[in-house]
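# Working through the structure, step by step
Listed here are the chains, written in short residue letters.
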Amino acid sequence: MHKLVSQLVIYRNLPTDNFLEPLAEICAEFAAGDYNREELTAEIYEQVHKLLDIGTVYGFDKNLWHNYLAFLLVSCENPFAITCEKVGACDGSVNQFAKHDFKIFRQLFSYDFSKLERALGINCFSLISNYQAVVKQERRYNKNISEKVQALSAALEKAADAEEFFACVTKFYHDYGVGKLGLNKAFRIAQAQQGEPELVPISNTEQITFDDLIGYEDQKQRLLENTEAFVAGRPANNVLLFGDSGTGKSSSIKAILNQYYDRGLRMIEVYKHQFRGLSDVLEQIKDRNYKFIIYMDDLSFEEYELEYKYLKAIIEGGLGIKPQNVLIYATSNRRHLIREKFSDKRELDDDLHSNDTVQEKLSLVARFGVTIYYGSPDKKEFQNIVRVLADKYHIHMPEADLLLEANKWELNHGGLSGRTATQFIANLRSKLKGEIK
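If you're wondering where the values come from, they're calculated on a predicted model, not measured in any experiment.

Here the focus is the overall build of the protein chain. The secondary structure content of the protein chain amounts to 20 helices and seven strands. Burial status across the protein chain gives 47% buried among its 437 residues. Across the protein chain, the fraction of contacts at a sequence separation of at least 24, relative to all contacts at a separation of at least 6, is 77%. A total of about 23300 Å² of accessible surface is found on the protein chain, and carbon and sulfur atoms cover 49% of it.

What follows is the structure, encoded as structure tokens:
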């Protein structure tokens, strides 16, 4: 195995936390015959432990060894893979190097660990080759990645030669992408050790769809139209969703991500204190074959907060051009984003250029080409939301009693909103757990 891994060309720079290389070193030590049996066995179990860990994180099943090799192939970002991500497989000499590496991976797929197992009296490789995973809830692992990697693994098992292997891998790159940006839906920003912002995958996102958001049909349609244009490569605008709390603004953004992920949409969640690093983030994603929404939830600024100036420059106005594959979607309870007080009026009376001051505060929201208002539902709309949710969760009780209890609940829990209705139904489900079928 060590000889095989050492001959990789395009895939030589594997992720730093890979355990293919440590395992290859173990096999080389065994082949040389100069090893301590207990120490070598301990080293093997350490690598198998890592394999079981990653299998648990991604819900891998059946042949964990094959799943892991497929996972390496889809995780390794290199110029060949990124080119395939954009345009698929193209003619060129690089293909010969790729097929050389894929021939090695085919040999790794069929690598025989039996001699090693017999010599050390272990059976761990046999177990991971016929693994039966414990059934887990979707929230406990990244189902999206799991299904894609296991499907690729099964296809590569059937590949008759390096040509078929090449076709399977390059098709995956073109269909889904490569690396963390290809596999994951959403990201948050963390500060790397070198001081530059790093995109960290959000492993589990809520599976909300627009069917889960009752009402607000015009608002959903406007959001869908803008996002559809963006994903299709047509001109589209930054979007501000504003209005009352609990009306589904954030849920609409999550639904957009779930609806368009398979068409290359990705989302990056950003907070106010991270605006200074946004330009570095844009630099990382501008040349990738995805559409990115920079998502800012509950966006607003106090009068003393100046971060909005960085945001204005990023959206429009800085020397650098905002990449065409990036839009900004924000939610807020405020229409104008920057807090204004009556005392501001007195200050403006003393301001020689009062109009300039007003324009400074309004110019941020003007950079959002689409603004969509989400207002609280009236009594009738609120009761309709309650009825629909009760039907969805199979709560059977007289409608008059249902609505009476809902009205009592909203009076003590934040008023009329979709969030209040959802919380009421959740409370009702917990009380009626034994009665709901």
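On we go.
Chain-level statistics for the protein chain give a pLDDT mean of 84 and a share of 85% at 70 or above. When mean pLDDT is compared element by element in the protein chain, helix α12 (residues 217-231) scores highest at 95, while helix α16 (residues 342-349) scores lowest at 49. Note that pLDDT drops below 50 for residues 351-358; the model gives that stretch four contacts with residues more than four away or on any other chain.

Let us now look at the environment of I128. Mapped onto the elements of the fold, I128 is located in helix α8 (residues 124-129). If we ignore the near neighbours within four places in the chain, the residues touching I128 are V48, L51, K62, N63, L64 and W65.

The subject of this paragraph is the packing of aromatic side chains. Scanning the model with the defined rule gives 20 aromatic pairs in all. Where F19 meets Y68, the ring centres are 4.0 Å apart and the plane angle is 10 degrees; that geometry is what we call stacked. Of this pair, F19 sits in the loop between α1 (2-6) and α2 (20-32) while Y68 sits in helix α4 (residues 64-75), placing them 49 residues apart in sequence. Residue classification places F19 among the buried positions, given a relative accessible area of 5%. With a centroid separation of 5.7 Å and an interplanar angle of 20 degrees, the aromatic rings of Y58 and F60 are classed as stacked. Each of the two residues, Y58 as well as F60, counts as buried.

Our next topic: the packing of α4 against helix α9 (residues 143-158). Their axes nearest at 8 Å, the elements α4 and α9 cross at an angle of 110 degrees. In terms of orientation, α4 and α9 fall into the roughly perpendicular class. Together, H66, N67, A70, F71, L73 and V74 of α4 and V149, Q150, L152, S153, L156 and E157 of α9 make up the contact between the two elements. Taken together, the residues of the contact of α4 with α9 break down into seven nonpolar, four polar and one charged.

Here we come to the pattern of salt bridges. The full count for this structure, using the stated rule, is 12 salt bridges. A salt bridge links E163 to K99, with the nearest nitrogen and oxygen atoms 3.1 Å apart. Placement of E163 in helix α10 (residues 162-176) and of K99 in helix α6 (residues 94-109) is noted, with a sequence separation of 64 residues between them. Here E163 falls in the partly exposed class, since its relative accessible area comes to 45%. Classification of K99 as buried rests on a relative accessible area of 16%. We note a salt bridge from E206 to K254, for which the minimum N-O separation is 2.8 Å. Of this pair, E206 sits in the loop between β2 (197-202) and α12 while K254 sits in helix α13 (residues 249-260), and the two are 48 residues apart along the sequence. Classification of K254 as partly exposed rests on a relative accessible area of 29%. One connected set of salt bridges, linked through shared partners, spans E77, E85 and R288.

Our next topic: the side chain of N325. Along the chain, the position of N325 falls in the loop between α15 (307-315) and β6 (326-332). Side-chain polar atoms of N325 contact the backbone oxygen of Y290, separated by 3.2 Å. Those residues in contact with N325 that lie beyond four places of it in its chain are F230, I285, K286, R288, Y290, K291 and F292.

This part covers the sheet that holds strand β5 (residues 291-296). In sheet architecture, strand pairing relies on hydrogen bonds along the backbone and comes in two forms, parallel and antiparallel. Overall, mixed pairing links the seven strands, which are arranged β2-β1-β4-β5-β6-β3-β7 in an open sheet. Where the open sheet ends on each side, the last strands, each with one partner, are β2 and β7 (370-374). The average undirected angle you get between the axes of adjacent strands in this sheet is 25 degrees. The pairing of strand β1 (residues 186-191) with strand β4 (residues 265-269) spans three bridges and is classified as parallel. Residue A186 lies in a different strand from β4, and its bridge partner there is M267. Against the sheet, α13 touches β1, β3 (239-243), β4, β5, β6 and β7, its axis set at about 145 degrees to β4. Against the sheet, helix α14 (residues 278-285) engages β1, β2, β4, β5 and β6, with an angle of about 70 degrees to β2.

Further remarks concern the nonpolar core. Core analysis: the largest hydrophobic core is formed by 59 residues, its most contacted members being M1, Y11 and Y173. At nine residues, the largest contribution of residues to this core is made by α4. Apart from residues lying up to four places away in sequence, M1 is in contact with L20, L23, A24, C27, W65, L108, Y111 and F113.

Right, let's talk about helix α19 (residues 399-412) for a bit. Its 14 residues give α19 an end-to-end C-alpha distance of 20 Å, which sits within 8% of 20 Å, the value for a rise of 1.5 Å per residue. The complete set of buried residues in α19 reads L402, L403, A406, N407, W409 and E410. Looking down the long axis of α19, one finds its buried residues gathered within 165 degrees of arc, a one-sided arrangement. α19 presents A400, L411 and N412 as exposed residues on the side facing more than 90 degrees away from its buried surface. Where α19 is buried, its residues touch α18 (379-392) and α20 (418-431). G414, located one to two residues past α19, shows a positive phi value of around 100 degrees.

What counts, and where the lines are drawn
Residues numbered from 1 in each chain as written. Predicted model: local features only at pLDDT ≥ 70, side-chain atom pairs only at ≥ 80, totals over all residues. Heavy atoms only, no water. Helix = DSSP H or I, 4+ residues; strand = E, 2+ residues; numbered from the N terminus. Buried < 20%, exposed > 50% of the residue type's maximum accessible area, 1.4 Å probe, protein only. Contact = heavy atoms within 4.5 Å. Areas by Shrake-Rupley, 256 points an atom, 1.4 Å probe, with all protein chains shown as cover. pLDDT = per-residue confidence, 0-100. Phe/Tyr/Trp six-rings, centres within 6.5 Å; stacked < 30°, edge-to-face > 60°. Axes fitted to C-alpha atoms, helices over the stretch in contact; angles between N-to-C directions. Parallel < 35°, antiparallel > 145°, perpendicular 65-115°, else oblique. Nonpolar A, V, L, I, M, F, W, Y, C, P; charged D, E, K, R; others polar. Salt bridge = Lys/Arg side-chain N within 4 Å of Asp/Glu carboxyl O. Polar contact = N/O pair within 3.5 Å; in protein donor to acceptor, adjacent residues only side chain to side chain. Pairing = 2+ DSSP bridges. Core = buried A, V, L, I, M, F, W, Y, C linked by side-chain atoms within 4.5 Å. Expected span 1.5 Å × (residues − 1). Arc of directions from axis to C-beta.

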